[in-house]
Structures are given as C-alpha cells and as structure tokens.
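Residue-level listing of the chains:
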Amino acid sequence: MAEDRNDALLPDGPETVMVYINPEVIQSLADVSAKKERDFRELLDAAEEGDLDAQYRAAMNYCNGTGGAQRDEKLAFYWFQKSAEGDYIAAQYGLGLCYLRAIGTEKDPERGTRLLSQAAEQGYPPAQCELGLCYELGTGVKMDKERAAELYREAGEKEHAPAQCNLGFFYYRGIGVERDYQEAVNWFEKAAQQDYPRAQTLLGECYEHGLGVEKDVDRALELYRTAHEQDYDAATCALGVCYDQGIGVEKDPNQAAELYRQCAGQGYAKGQFLLAQCYELGQGVEQDLEKSAQLYRQAHEDEYPPATCALGLCYELGQGVERDLPKAVELYRKSADMGYVPAQCNLGFCYYRGIGVDIDDKEAVHWFELAAEEGYPRALGLLGDCYDFGYGVEVDHLKAAHLYRAASDGGYPPGTCSLGLCYELGQGVEQDLDRALELYQQAADAGDARAQCNLGYCYYRGIGVEENNDLAAAWFEKSAQQGHSRALFLLGQCCEGGYGVETDLERAAQLYAQADEKGHPAGSCALGLCYELGRGVEMDRARAAELYRKAAQGGEARGMCNLGFCYYQGIGVERDEAEAARWFQQAADEGSARAQQLLGECYDGGFGVEKDENKAFQLYLQSHEGGYPAGTCSLGLCYELGQGVEQDLAKAVELYRQAADQGSVQAQCNLGYCYYRGIGVEEDNDQAFQWFSKAAQAGQPRARQLLGECYENGYGVERDMDKAVELYRLAHEQHFAAATCSLGT
C-alpha cells in the first residue's frame, strides 16, 4: 500500500521529469559548510582567549544561527555578557536587547535600559535608537516622548536609518514634537536613501496623500514596490491597497488579494484583516464568509484593533460565525479600549439600540463622544441624534445641528440628511427649505435611503420645491429598494392613489405589508385599511383590527383612531363604546383631529363616556382648529342647537359653509337645510337644492331624502315625482327612516 501511495505522487507519462544534480555542486556546498565550521571554531578559540570582538561575533552567530553556529540563545547571552564585561559597546547593546526581549535570560527591562544607556552615552547609534524606543513606550524607564525624540535625533544625525525613520514618524504623528509633515519627509528621505523599507513605506504614504510633499502617486507606488521587494509586509500591504483602489495603477482586485495573501501568510495582521475583507465582499477571491471570519480572528489574536472590531461585527450579524450579540459587544469593547474609534462608535450603538446589552443612553453618549472627539463622522451624526432627541443628554438643537454639520463635512450621508431636516424644520438653524432640499439631494445622491425618502417627500408635498409626484415616486422607489420602511409606506400611498405611478392597489398592499414587517406603524395602519375595505387584498376586518392595534401600540395616532372606530361600529371586533372612547382619547391626545371629532360624538351622545355637551364642544373646536371638516361641521351643529355654547345661527352657517367647501358631505346637507328652512340665512330653495344635490351625489341619505322633497314639491327645481321616488328609495335602502316614511306616503 505504501508503494502504491508513493507511486501515485509521481506524474504520469511524458510529464515525468528527471532531475540531475552536479556532484561538483554538492561537493562545493559541503566545502563551504566545512569552512564555516572551521572558521567558527577559530572564532570560539579567539573568544575563549578573551578577544572582545570575537566574543561579540560568536554571540551574534549563536543568536542568529549563522556563521557555522547552531542557534542557541543561552550561548548568545553568555558571549554578549562576556564581551560587555570588557566594555565592548556593541556587546553592551546586544546584552541590553537580551534583557529587554528575554533572549537566553529572564526578561529584565530596567537592566536592559541601563546597558543601552551605557552604549548610548558612548555615542553608539543603534543603542541610542533602541533606548529612544524604550522612552517612547515606557519600557524599563518612565515614558518620555520628548527624550525619545532627542535620542532618535542623536542617532539619526549619525545616519542611523531606523532612528531617522523613527524621528520622521514622530514628526508625522506629532509625537514628542509638533507635527510637521515636511520635517517628517526630510527624515524619511534620509532613511529611504539607505534602503530602509519602513521609511520607504512611510515616505510612500506622504507622496500618496500629499503630506509634506506634492502629491505623486507614481512616486508612492515606486516606494511601496521597492520596500515590498525587500519583503516588508507593510509595503506589500500598501501596494495591495493601490491595486485594490486603483491608486497609480489600474484597479486589480485579484492582484490586491494576492498581495494581501502574501503579507497575511507572514502573519502580518493588517494583511490578514484586508484579505478578510476581500473574502467578506468577494473582491479578488470567491466570497467566503467563514474564511473571512477566520482571518479576522487571526488578526484579532495579534491584537489588531480593526480586526477585533470586524470580528465583533461578524458576531453581531451572524456572518461567518453563529450570531452572538454579547460576544459582539465584548469584542467591540476590547477594540474600543485599545482606542479604535469605529469600535467605540459600534459599542455606543449597541447601548443606543440595546444590541447585546441593555439600552443605556448615557453609556451610548459616552462612547459616541469618545469617537466624535476623534472626528469620526458616524459618531458625530449619532451624537447629534442624542442631542436632537434628548437621549442620554438634555435636548440641544443647536448642538445637534453643529454635530450634524461636522458629520456631513466628514462625508457621512446620514449626517447630511439630518442637517437637511434641521433646515427643513428650522431646528438649531434658521429655516431654509432651499438648503434643506440641497442637503437631501446631496445625501440622496450618495445613496442614503432616508435622504432619498425625505427628498421624495419634499416633491410629494411641495416642500421647498414645486410639487412633482413623478419625482416623488421615483425617489420613494429608490429608497424602498433599500428597504426603508417609511419609503415603502409612502410608495404604497403613491400606488394606492396613482400619484406619479399608475394606480395599483395590489402593489400598494404589498408595499404596506413590507413596511409593516419592518415595524413601521403607519404601514401597519395603511395595511389594516386595505383589509378593512378589501383594497388590494381580500377583505378581512378581523385582520384589519389586528393591524390597527399593532399600529396603535406603535404610537400611530391614526391606528388608535381606526381601532377606536372598529370598536365604535363593531368592525372586526365586538362593538364596545367604552373601548372606542378609550382609543379615541389616546388618539385625540396625540392631536388626531378625526379622533377629537369622534370622541366629541361620544361625549355628545354619551357613548362609552358620561354625556357632556361642554366637553363635546371643546373637542369639536379642537378638531375644527386641526383642519378636520367633520369637526367643523359638528362645531357648526353645536352653534345651531346651542349645545355646549350659546346658540349662534349665523356662526353655524359660517362653519357649515367652511366644512362644505372642504368637501364635508354632512356639512353640505346641513348648509342646504339652513337655506331650506331659513336658519341663520334667508330661505333660498335654489341654494338648498344645490347643496342637497352635492351631498346626495356623494350618497348622503339625509340629503337624498331632502332632495327628494325638493323634486316632489318643486322647491328650487321643476317638480319631478319619479326623481323624488328614486331618491327616497335610495335613502330608504340606506335605512334612513324619514325617507322610508316619505316613500310610504
């Protein structure tokens, strides 16, 4: 079996390749190895005899496993120590590194820095640079960034490339010195000229972004490539980003992924992170969410904060791993504690929405503030929301608008949309509808679904722009395609009413259903009306009541009112006037003019509440002031009858006329009756006939009966008994008693 397996590893037929190795090459390699061993034995002999340089070189050979020596950290430490005892500067430096990095001995940072200091005081550049790093990080000494900069400068002025690069980095980031990109470039150039790959990479960044030098992506690419050829992982990664984004080269996702793979294979965390993104998005590789999560985990284990945050998102969304919200929060927190700004924002959002933790607005604000202080646009926008609505802080519209503007300036489309809303409503800024529209357009063009919906609504209602249903529907459609719940509802209204699209009741109901599934209360209410009336769906009044209840519980005033009306009339539920009044009251408290009118009826007639004409009058007045024609009509009746207010017939007529002009059928009939009987106006049969006709055409039974009287008696129209009978019959079929009586007579 073993022979079969071995045979199977060989290629078949003509593909078999015979490899010939020259015996002279083998002998040459053996000679070189033997010479190295002889040379190393001679080196050890010299070291044993006290030659400090030989001791140092022996230590280096043992440390690196070179020059004929097997790698042995303990022997490396031994020879460094021997050489250092003779005040050999390079050995003092090497021994200091042994104590700093636990090479052949226990870690002892304080002793390590003392040895580095001895070598640095003698002007040894590598020791000055390494000691600078100790002061930068606080290793073995108290952290002192300014002292670190001094040491880097001392070594850098002696042409030590790592120190030049480190000093350049201090100027690049403003560490221990004032930030100065030109000075950073100066030091990076010095180190790069010595082929120091880190400096080449950082200098490439400067040329790529135009920091301290004129922007030159070709030069940046050249520097990245040069450092990459030295197997410097950060440069390989940066070169991958160039191919990923088409910086100085033609965009090539496959090449980008390959470069990320190279540095990821060397354990470079950023490369692992970027390769994970490729697998997550299917860019340059076939999409593989599990592989993506694995790579994020590898980079996370190397404590790379962006990967820790990304792995948290995997757990939040259940992407490549089983969904685990507490685990997501744990990872966001770890990344946030390392100062990674997006993780701070994500952690804040978890507290904001109760994702994996209990809702805690104050904690959300804390994390948003940390990220906002670093100028993170999403955090600025979310912190703006907190100030706008008083989540975890006191309401401050000025502060909210300021934060939204900062988020917008940072290129965050939701922040631009929120700023647009400030200008639309005049909150925190002076109202400016043109500016609102401009901001909505900007965010909508950037793909923000809420802005697309808001822009559509401006066209729908003529806010800051001429009303245009075609454009409204088009923007609602774009937003709805992204699943925006309000846009789904509004597009449903367009389909139901034929605004900017052809009337399509079935599609309207489907859109309302999608909005309902996303928890949009207005969508639930609209879908309920579809089921109540059988519009676009099969009539199901019990389902309608259920949806109205869902909308009502979601705070939708129209849903509260409609549910109350179901109880008022026994639609889909058992009739219950007390329950009707309860829901009307809730809706009325939310400012629903229709609910105020219906609740007024309840108090007027004692339906579900104790009869109270004064209360009824006040509710009708509120409804009228809210622009609800039925409320205006009911208020007119109060003035006509003197119920809850002193009788005023002229005022009654005025209110009836106002409501009638707004299309209230009841008011049209009442106004006609005023002319018919001379109530608050001079009797005028012609006017009576006209108003009765309008109301009768809309199917109002009392108007039909009264119009029948006009035809029967020739009031305002030529006498026509056939027409009168027809009208009486129609009103009778609507169970209007007076018409039944007239028909019987």
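Our subject is the structure that appears above.
Cut-offs used in this document
- Residues numbered from 1 in each chain as written.
- Predicted model: local features only at pLDDT ≥ 70, side-chain atom pairs only at ≥ 80, totals over all residues.
- Heavy atoms only, no water.
- Phe/Tyr/Trp six-rings, centres within 6.5 Å; stacked < 30°, edge-to-face > 60°.
- Helix = DSSP H or I, 4+ residues; strand = E, 2+ residues; numbered from the N terminus.
- Lys NZ or Arg CZ within 6 Å of the ring centre and 35° of its normal.
- Buried < 20%, exposed > 50% of the residue type's maximum accessible area, 1.4 Å probe, protein only.
- Contact = heavy atoms within 4.5 Å.
- Polar contact = N/O pair within 3.5 Å; in protein donor to acceptor, adjacent residues only side chain to side chain.
- Core = buried A, V, L, I, M, F, W, Y, C linked by side-chain atoms within 4.5 Å.
- Salt bridge = Lys/Arg side-chain N within 4 Å of Asp/Glu carboxyl O.

Help me understand the packing of aromatic side chains in this model?
Between two aromatic rings, the relevant description is the distance of the centres plus the angle of the planes. Counted according to the given criterion, the structure contains 27 aromatic pairs. Taking 6.2 Å as the distance between ring centres and 55° as the angle between the ring planes, the aromatic pair formed by Phe-565 and Tyr-568 counts as tilted. Placement of the pair is Phe-565 and Tyr-568 together in helix α31 (residues 557–569), with a separation of three residues, close to one helical turn. An aromatic cluster of three or more residues is present, and its members are Phe-349, Tyr-352, Phe-368, Phe-389 and Tyr-391. In this arrangement the basic side chain of Lys-478 is found over the ring face of Trp-475, its NZ or CZ atom lying 5.4 Å from the centre. We note Arg-543 situated over the ring of Tyr-531; from NZ or CZ to the ring centre the distance is 5.8 Å.

Just to check I follow, could you spell out unusual backbone geometry for this structure?
Across residues other than glycine, the phi torsion is negative in most instances, and most of the peptide bonds are trans. Of note in this structure, Ala-102 is not a glycine but carries a positive phi near 55°. Position of Ala-102 relative to the elements: it lies in the loop between α5 (89–101) and α6 (109–121). Exposure remark for Ala-102: the relative accessible area of 34% places this residue in the partly exposed category. Of note, the phi angle at Asp-195 is positive, near 65°, even though the residue is not glycine. Locating Asp-195 in the fold gives a position in the loop between α10 (181–192) and α11 (197–209).

Just checking my understanding: could you explain the environment of Val-249 for this structure?
Tracing the chain through its elements places Val-249 in the loop between α13 (233–245) and α14 (253–265). In this view, Val-249 contacts Leu-221, Arg-225, Cys-242 and Tyr-243; residues no more than four positions away in its chain are not counted.

Would you take a moment to explain the side chain of His-300 for this structure?
Turning to its location among the elements, His-300 is positioned in helix α16 (residues 289–301). On the basis of relative accessible area, His-300 is assigned to the buried category, the value being 13%. Engagement of the side chain of His-300 in a polar contact is seen with the side chain of Thr-308, the distance being 2.9 Å. When residues no more than four places from it in sequence are discounted, the contact partners of His-300 are Ala-307, Thr-308, Leu-311, Leu-331 and Lys-334.

Help me understand the nonpolar core in this model?
Nonpolar side chains in soluble globular proteins tend to end up buried together. Ranked by internal contacts, the top residues of the largest apolar core, which has 209 residues, are Phe-188, Tyr-260, Phe-368, Phe-476, Phe-584, Leu-599 and Phe-692. Excluding anything up to four places from it in sequence, Tyr-260 contacts Cys-237, Gly-240, Val-241, Asp-244, Gly-271, Leu-274, Leu-275 and Cys-278. In this structure, Leu-43, Leu-44, Cys-63 and Ala-84 belong to the second largest nonpolar core, which totals 23 residues.

Can you walk me through the pattern of salt bridges in this structure?
It is possible for side chains of opposite charge to pair when their charged atoms get near one another. In the structure shown here, the tally under the stated rule is 16 salt bridges. Close ionic contact of Glu-150 with Arg-147 constitutes a salt bridge, the shortest N to O distance being 3.1 Å. Remark: Arg-147 and Glu-150 occur in helix α8 (residues 145–156); sequence separation between them is three residues, near one turn of the helix. According to the relative accessible area criterion, Glu-150 is partly exposed, its value standing at 44%. With a closest N to O distance of 3.4 Å, Arg-535 and Glu-496 form a salt bridge. Of this pair, Arg-535 sits in the loop between α29 (521–533) and α30 (541–553) while Glu-496 sits in helix α27 (residues 485–497), and the two are 39 residues apart along the sequence. Arg-535 gets classed as partly exposed once you look at its relative accessible area, which sits at 30%. Members of the salt-bridge network, linked through shared partners, are Arg-147, Glu-150 and Glu-154.

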